[in-house]
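Understanding the architecture of this molecule
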Amino acid sequence: MDHLSPQLMTSLPEPEHLILDLQSFGLRLNDLNAGVAARKGGAGPTDHKAITIGDRTVMVPVYTGAAKYSPFEATGPALDGSAILLRDGAPIAKIKYPRQARFYSLQTFDGLPYWKIAQLHSHDVLATTVLQNCIRYTDRATSCQFCAIGQSLAENRTIAHKTPEQLGEVARAAVLLDGVKHMVLTTGTPNVIDRGAAVLCETARGIKAAIDIPIQAQCEPPRDHGWFAKLRDAGVDTLGMHLEAVTPEVRARIMPGKATVSLERYYDAFEASVKIFGRGQVSTYILAGLGDTAEAILEACERLVAIGVYPFVVPFVPVSGTPLANAPAPTPEFMRSILPAIGRMVAGARIRSADIKAGCGKCGACSALASYEVA
Ligand code: SF4
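Residues numbered from 1 in each chain as written. Predicted model: local features only at pLDDT ≥ 70, side-chain atom pairs only at ≥ 80, totals over all residues. Heavy atoms only, no water.

**Looking at the overall build of the chain**
Check the secondary structure of the chain and you find 12 helices and 13 strands. Seen through its principal axes, the chain has C-alpha atoms that stretch 60 × 50 × 40 Å. For the chain, buried positions account for 59% of its 375 residues. Taking all contacts inside the chain whose residues are at least 6 apart in sequence as the whole, residues at least 24 apart take part in 71%. For the chain, the centre of its 37 positive side-chain charges and the centre of its 36 negative side-chain charges are spaced 2 Å apart. (Helix = DSSP H or I, 4+ residues; strand = E, 2+ residues; numbered from the N terminus. Buried < 20%, exposed > 50% of the residue type's maximum accessible area, 1.4 Å probe, protein only. Contact = heavy atoms within 4.5 Å. Lys, Arg positive; Asp, Glu negative; His and termini not counted. Charge placed at Lys NZ, Arg CZ, Asp CG, Glu CD.)

Pasting the structure below:
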């Protein structure tokens, strides 16, 4: 970390604790336009901003209700993109805002801006939601309470279906102009049969025809495990199947539609997919703070790690416009009660973030977990 003065260094928290605190409390920004545009709405975690602390780029909530009252504040960027991070008004570190992606200024021949097709996450990840619709989203009785997949579409900040050709074109530009290193393909769930695997196959094939970039595909477990080999053969390097919550009660309350795919089906799919993609190349997203206890999360992580699945545990961020907009984020104490133990677990099993070929687990920007991965 680039510290400000020797006096301040003595009182600074370890970088992993600082990241953890920032992601729990959020950040007040003097200049919301600094660096890469903050992600607002969309699938999965959102309402974040990318900032770089030392050599780690992390996503920090900036648009959430809680962020307005955070003890953390960041100044607007200096000419070199650096800024000062303050805690309770006292400067504690120098940070940087990753620069806006160059590919954002390009558009397709028919005038569609590239940023509506895929977005830069962190500083070197290209991410897209291939299908911006989900069978579970339109009905609050089935939708995931934390999800904002329909917001960006309603506000014309994206398109409903990104074609393989469009994504190949954008991925090529992002690699060549911005040095993007890997790609995340997520999708709304289009049906209860392949649950998105078919469209992810066709998309991965189109991207790999345009540019050689490691790809993570994310979907619910398809009914037929034969899809895992099809995904790999189409060019998918790693797979994410996201539990989000780990106990049946919390799943039923927070994600009533997705909870109809039982935990046992997820675990069956994890075992089958690790055989195809390899240990550590299958991951799951767990949102801490939805109601699962620390013990339940740790128990689930032990089971996942034993199978060879990387448990990417992320603090839940209440997203504006969703039913959970006013729910609290997990406290730093809660995150501290699980992340160091999970870090030791994955390091001990040799399935660390750094060993993953592509995807959220490799990027790691939405959690402090990777900082704790020491055996
Ligand atoms: S961890 Fe995943 S969702 Fe978070 S910034 Fe990285 S790629 Fe995006």
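**A look at the pattern of salt bridges**
Counted by the stated rule, this structure contains 12 salt bridges. The salt bridge involving Arg-136 is made with Glu-220; its shortest N-O contact spans 2.9 Å. In this pair, Arg-136 is assigned in the loop between strand E8 (125-129) and helix H3 (149-154) and Glu-220 in the loop between strand E10 (215-218) and helix H6 (226-234), connecting sequence segments 84 residues apart. Neither Arg-136 nor Glu-220 differs from the other in exposure class; each is buried. Taking the shortest distance from any N to any O, the salt bridge between Glu-220 and Arg-195 comes out at 3.6 Å. Residue Glu-220 is found in the loop between E10 and H6, and its partner Arg-195 is found in the loop between strand E9 (182-186) and helix H5 (197-210); the two are separated by 25 residues along the sequence. Its relative accessible area of 7% is what places Arg-195 among the buried residues. Taken together, the shared-partner salt bridges connect Asp-21, Arg-87 and Arg-336 into one network. (Salt bridge = Lys/Arg side-chain N within 4 Å of Asp/Glu carboxyl O.)

**Some points on the sheet that holds E10**
Strand order in this open sheet of seven strands is E7-E8-E9-E10-E11-E12-E13, and the pairing throughout is mixed. The strands lining the two open edges of the sheet, one partner per strand, are strand E7 (119-121) and strand E13 (309-315). Averaged over all pairs of adjacent strands, the angle between their axes in this sheet comes to 25°, without regard to strand direction. Of the strand pairs in this sheet, strand E12 (residues 282-288) and E13 are connected by seven bridges, and their pairing is parallel. (Pairing = 2+ DSSP bridges. Axes fitted to C-alpha atoms, helices over the stretch in contact; angles between N-to-C directions.)

**Some thoughts on a nonpolar patch on the surface**
Residues Leu-106, Leu-176 and Leu-177 make up a contiguous nonpolar surface patch of about 250 Å² in total accessible area. By the secondary structure assignment, Leu-177 is in helix H4 (residues 164-178). (Patch = residues over 30% accessible without salt bridge, like charges linked within 9 Å, V, L, I, M, F, W, Y side chains within 5 Å. Areas by Shrake-Rupley, 256 points an atom, 1.4 Å probe, with all protein chains shown as cover.)

**A short note on the nonpolar core**
Of all hydrophobic cores here, the largest spans 118 residues; its most connected members are Leu-27, Phe-103, Phe-146 and Phe-270. Once you skip the residues sitting within four places of it in the chain, Phe-146 turns out to touch Glu-244, Ile-254, Met-255, Leu-287, Leu-290, Phe-316, Val-319, Thr-322 and Leu-324. (Core = buried A, V, L, I, M, F, W, Y, C linked by side-chain atoms within 4.5 Å.)

**Some remarks on unusual backbone geometry**
The phi torsion at Ser-122 lies on the positive side, around 50°, for a residue other than glycine. Among the secondary structure elements, Ser-122 is positioned in the loop between E7 and E8.

**Some remarks on the side chain of Thr-108**
Examined against the element boundaries, Thr-108 turns out to sit in the loop between strand E6 (90-96) and E7. Assessed through its relative accessible area of 6%, Thr-108 is described here as buried. Setting aside residues up to four positions removed in sequence, Thr-108 forms contacts with Tyr-114, Ile-117 and Glu-169.

**Some thoughts on the confidence of the model for the chain**
A residue-level look at the chain finds 92% of positions with pLDDT of 70 or above and a mean pLDDT of 91. Scored below 50 in pLDDT, residues 1-12 makes 18 contacts in the model with residues more than four places away or belonging to other chains. (pLDDT = per-residue confidence, 0-100.)

**Points about the side chain of Lys-162**
Within the fold, Lys-162 resides in the loop between H3 and H4. In this structure, Lys-162 is buried with no salt-bridge partner, the nearest side chain bearing the opposite charge being Glu-202 at 13 Å. Within the structure, the side chain of Lys-162 is placed 3.0 Å from the side chain of Thr-158, a separation counted as a polar contact. Apart from the residues within four sequence positions on either side, Lys-162 is in contact with Lys-116, Ile-117, Thr-128, Thr-129, Val-130, Gln-132 and Leu-167. (Polar contact = N/O pair within 3.5 Å; in protein donor to acceptor, adjacent residues only side chain to side chain.)

**A closer look at the packing of aromatic side chains**
Across all of its chains, the model carries six aromatic pairs by this definition. Centroid distance Phe-103 to Tyr-104: 4.9 Å. Interplanar angle 90°. Geometry classified as edge-to-face. Residue Phe-103 shares its accessibility class with Tyr-104, and that shared class is buried. Among the aromatic residues, those joined into a ring-pair cluster are Tyr-266, Tyr-267 and Phe-270. A cation sits over an aromatic face here: Lys-230 above Trp-227, 4.3 Å from the ring centre. A cation sits over an aromatic face here: Arg-303 above Tyr-267, 3.6 Å from the ring centre. (Phe/Tyr/Trp six-rings, centres within 6.5 Å; stacked < 30°, edge-to-face > 60°. Lys NZ or Arg CZ within 6 Å of the ring centre and 35° of its normal.)

**Comments concerning H6**
Residues of H6 that are buried include every one of Trp-227, Phe-228, Leu-231 and Ala-234, and no others. Angular distribution of buried residues about the axis of H6 spans 130°; they occupy a single face of the element. Residue Gly-235 follows H6 closely and has a positive phi angle near 115°. (Arc of directions from axis to C-beta.)

**Remarks on the packing of H4 against H5**
Packing of H4 against H5 leaves a shortest axis separation of 8 Å and a crossing angle of 40°. When the interaxial angle is binned, H4 and H5 end up oblique. Note on packing geometry: the crossing formed by H4 with H5 is right-handed. Residue-level inspection shows Pro-164, Leu-167, Gly-168, Ala-171 and Arg-172 of H4 in contact with H5, the latter providing Glu-202, Thr-203, Gly-206, Ile-207 and Ala-210. Classifying every residue of the contact of H4 with H5 gives five nonpolar, three polar and two charged. (Parallel < 35°, antiparallel > 145°, perpendicular 65-115°, else oblique. Left-handed = near helix turned anticlockwise from the far one by under 90°. Nonpolar A, V, L, I, M, F, W, Y, C, P; charged D, E, K, R; others polar.)

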